[in-house]
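These are the residues of each chain, in order.
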Amino acid sequence: AKYALITAKNGKTNFRLLAPNGQVILASQGYASRAGARRGIASVQKHCSADGSYERKKARNGKDYFVLKARNSQVIGKSEMYNTPRAMETGIASVKKNGATTTIEG
């Protein structure tokens, strides 16, 4: 597992948490700086193991997804869309397992 830092065309930096198979399991908002994105990664590392940090949601199209929140209720990252609640729970388990990684690329 690893975090990938990506700079968008608008100059903002975001991060993605990648599972060992390379699949994106959590994506962040855009940060004004790389340092801000790194602070976001540190927040994921800190909060990923607590089940209460995950908010399970349903999109307008009926697909399930989750957001990872810090203790102050600020969203740290968002998952992909899942076809079933069970698949979403598997995604949460993957973030819990892989979120503490200290490997950061980019």
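First, a word on what this report is: a plain description of the structure on this page. (Residues numbered from 1 in each chain as written. Predicted model: local features only at pLDDT ≥ 70, side-chain atom pairs only at ≥ 80, totals over all residues. Heavy atoms only, no water.)

### Thoughts on the pattern of salt bridges
Put simply, the rule is: The term salt bridge refers to a pairing of a side-chain nitrogen on Lys or Arg with a carboxyl oxygen on Asp or Glu at a separation within 4 Å. Throughout this description, buried means an accessible area under 20% of the type-specific maximum (1.4 Å probe, protein chains only), exposed means over 50%, and partly exposed covers the range between. Each helix is a run of DSSP H or I of at least 4 residues and each strand a run of E of at least 2, with the numbering of both proceeding from the N terminus.
This model, assessed by the stated rule, comprises seven salt bridges. Between Arg56 and Asp51 there is a salt bridge whose closest N-O contact spans 3.0 Å. Residue Arg56 is classed as partly exposed on the basis of its relative accessible area, which comes to 34%. Exposure remark for Asp51: the relative accessible area of 40% places this residue in the partly exposed category. Linking Arg56 and Glu89 is a salt bridge whose minimum nitrogen-to-oxygen distance equals 2.7 Å. With a gap of 33 residues between them, Arg56 in strand β4 (residues 54-58) and Glu89 in helix α2 (residues 85-98) connect regions that are remote in the sequence. Glu89 gets classed as partly exposed once you look at its relative accessible area, which sits at 35%.

### Brief notes about the pairing of β4
Quick reminder of the rule: Two strands are said to pair when DSSP picks up at least two bridges between them.
Judged from the five bridges that link them, β4 and strand β5 (residues 64-69) form a sheet pairing that is antiparallel. Among the inter-strand pairings, Lys57 is bridged to a residue of β5, identified as Tyr65. The hairpin turn running from β4 into β5, its antiparallel successor, is five residues long, and Gly62 in that turn takes a positive phi close to 90 degrees.

### Considerations on the packing of aromatic side chains
Here is the rule we go by: Side-chain rings of Phe, Tyr and Trp (the six-membered ring for Trp) are treated as a pair once their centres are within 6.5 Å; stacked means planes under 30 degrees apart, edge-to-face means over 60, and tilted covers the remaining angles. Whether a charge sits over a ring comes down to the Lys NZ or Arg CZ being within 6 Å of the ring centre and within 35 degrees of the ring normal.
The final tally for this structure, using the stated rule, is four aromatic pairs. Here Phe66 and Tyr82 contribute two aromatic rings whose centre-to-centre distance is 6.3 Å and whose plane-to-plane angle is 10 degrees, an arrangement assigned as stacked. Here Phe66 is found in strand β5, whereas its partner Tyr82 is found in the loop between β6 (75-78) and α2, with 16 residues between them in sequence. The residues Phe66 and Tyr82 share a single accessibility class, namely buried. Positioned above the aromatic ring of Tyr65 is the side chain of Lys78, whose terminal nitrogen or guanidinium carbon lies 5.1 Å from the ring centre.

Purely geometric stuff here, so don't read any function into it on its own.
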